[in-house]
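Letter by letter, the chains look like this.
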Amino acid sequence: MSSLGSCDFSFGGKDEEPPAEPVSWEALTPLHSRYTAQFLIGNIVSPPDIGGVRFNLLKKHFNIATAENHMKPDAMQPSKGYFNYPDAMVNAVLAAGMQMHGHTLVWHSQTPAWMNTGVSKEAAIANMTDHITKVMTHFKGKVISWDVVNEAMRDNSSSSDNWRESLRKDESPNANDNSRWNQIIGDEYIEIAFKAARDADPDAKLYYNDYNLNMSNSNKAYAVYNMVKDINQRYPAYGGRKLIDGIGMQSHHHLNTDPATVEASILLFESLGVEIAISELDIQTVFYGSPYSSFTEDAAKAQAEKYAALFKIFKNHAAIKRVTFWGLDDGTSWRSSSYPVLFDKQYMAKPAFYAAENPGKF
Ligand code: XIL
């Protein structure tokens, strides 16, 4: 691993030195304070976190939260007209001085069947827009931005400029690719959703969010680019501005992710004049195909270098308004076995933490 030789642990300030012994989250300078002038720094939250050590960690190092699961359609409206708003969680986030991002309103996954299965097109549109309207109205003034539509594009997107050919559809041979919304409403479901969202809360920033948007899957990045370009050209001033405010790049990366492919997509999306959020950042380090079969010191350094390379890029792009990590600690991350985030399961800072706070040192 000769590339690891460039990892420089000689930090300037005393509080920045990655020490020989691991340091707990409590003893560190808040991560968000390193990026105050540049972008928000976020992480995920769930109701059981409130009031405990996890919430203290969250509010110390992050200034915006995303609900990991509790603001998804199946959580918020499990049956028609029965809303289950996670008010205690959102209020606790705001009371702690953080902001809240909303995730997500329209998705093919974690969505109750009643919304879009065995119903007419008209009923599906009504169910979708009613959900958007009620949820966004409920959280108006509390949630600053929303992932209005999540993961509409297939991984095997078309190379055609016609983004509609790249949308998930029900007839896909891969069941995981299915979108009942597209199947039943047609591809205009996307703009219908964004218009309902703008109407419900004109102050909220409206995002399209997806994964694998770095240029290692260039067809998918171009499909999203072409979609946002087309919709914003047709709705240049809906409620006074472009209908889609921003693109969320989930950024579920791994050690083999080439940072140049990330920057290529940031440049592409920036050219549309929209905001960018790095919305679900993690870097898998122990996984099938990784050079590391356990989380050794070398693995931790390689991961830190990858985080540093990405943060160096993020710092150079003013279009990036938020960088949110998808997991407080390796113990509870959705990809726990791959050790993907900044804190270990004892909430000790990993080398990745120091890379995120001071990427120039790596
Ligand atoms: C994940 C959560 O982390 C898991 O707890 C849940 O079981 C599945 O969803 N893309 C997204 C997120 O937009 O909502 C997903 O979150 C991760 C991938």
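Here is a short report on the structure shown in this document.

Conventions used here
- Residues numbered from 1 in each chain as written.
- Predicted model: local features only at pLDDT ≥ 70, side-chain atom pairs only at ≥ 80, totals over all residues.
- Heavy atoms only, no water.
- Salt bridge = Lys/Arg side-chain N within 4 Å of Asp/Glu carboxyl O.
- Helix = DSSP H or I, 4+ residues; strand = E, 2+ residues; numbered from the N terminus.
- Near = heavy atom within 4 Å.
- Polar contact = N/O pair within 3.5 Å; in protein donor to acceptor, adjacent residues only side chain to side chain.
- Areas by Shrake-Rupley, 256 points an atom, 1.4 Å probe, with all protein chains shown as cover.
- Nonpolar A, V, L, I, M, F, W, Y, C, P; charged D, E, K, R; others polar.
- Phe/Tyr/Trp six-rings, centres within 6.5 Å; stacked < 30°, edge-to-face > 60°.
- Buried < 20%, exposed > 50% of the residue type's maximum accessible area, 1.4 Å probe, protein only.
- Lys NZ or Arg CZ within 6 Å of the ring centre and 35° of its normal.
- 1 Å grid on protein atoms, 1.4 Å probe; cavity = no way out; pocket = protein on both sides within 12 Å on 5 of 7 lines; lining within 4 Å.
- Points joined across faces, edges and corners; volume = space filled by probe spheres on them.

### Some words on the pattern of salt bridges
Opposite charge on two side chains lets them pair, provided their charged atoms get close.
Part 1: Counting across every chain of the model gives 15 salt bridges.
Part 2: When the shortest N-O distance is used, the salt bridge between Asp187 and Arg164 registers 2.9 Å. On the criterion of sequence distance, the pair formed by Asp187 in the loop between helix H6 (180-185) and helix H7 (189-200) and Arg164 in the loop between strand E4 (145-150) and H6 is long-range, its members being 23 residues apart.
Part 3: In this structure, a network of salt bridges that share partners links the residues Arg164, Asp187, Glu191, Asp230 and Arg234.

### A few points about the site of the ligand
Part 1: Residues in contact with the ligand amount to 13 residues; listed here are only the nearest, Glu68, Asn69, Lys72, His103 and Glu280.
Part 2: Taking Glu68, its side chain carries an N or O atom lying 2.5 Å from an oxygen atom of the ligand.
Part 3: Residue Asn150 places a side-chain N or O atom 3.0 Å away from an oxygen atom belonging to the ligand.
Part 4: Summarising the interface, the protein chains cover 78% of the accessible area of the ligand, which totals 420 Å² for the free molecule.
Part 5: When its residues are assigned to classes, the shell around the ligand shows 3 nonpolar, 6 polar and 4 charged.

### Overview of the packing of aromatic side chains
Part 1: Under the definition given, this model contains 14 aromatic pairs.
Part 2: Between Tyr35 and Phe39 the ring centres are 4.9 Å apart and the planes differ by 15 degrees, which places this aromatic pair in the stacked class. By the burial criterion, Tyr35 is buried, and Phe39 matches it.
Part 3: Here Tyr222 and Tyr225 contribute two aromatic rings whose centre-to-centre distance is 6.2 Å and whose plane-to-plane angle is 85 degrees, an arrangement assigned as edge-to-face. One end of the pair, Tyr222, and the other, Tyr225, are both in helix H8 (residues 218-234), 3 residues apart, so they sit about a helical turn from each other.
Part 4: Here Tyr222 falls in the partly exposed class, since its relative accessible area comes to 40%.
Part 5: Ring pairs connect the aromatic residues Tyr35, Phe39, Phe62, Tyr307, Phe311, Phe314 and Phe325, which therefore count as one cluster.
Part 6: Here Lys220 stacks its cationic end above the ring of Tyr211, 3.6 Å away from the centre of that ring.

### What about empty space enclosed by the protein?
Part 1: Enumeration over the complete set of coordinates arrives at 1 cavity of 30 Å³ or more.
Part 2: In this structure, the largest cavity encloses a volume near 30 Å³.
Part 3: Forming the boundary of the largest cavity are Val106, Trp107, His108, Val149, Asn150, Glu151, Ala152, Arg168, Ser179, Trp181 and Tyr189.
Part 4: Residue classes in the lining of the largest cavity are distributed as 6 nonpolar, 3 polar and 2 charged.

Fair warning: the whole summary comes from geometry, so function is off the table for now.
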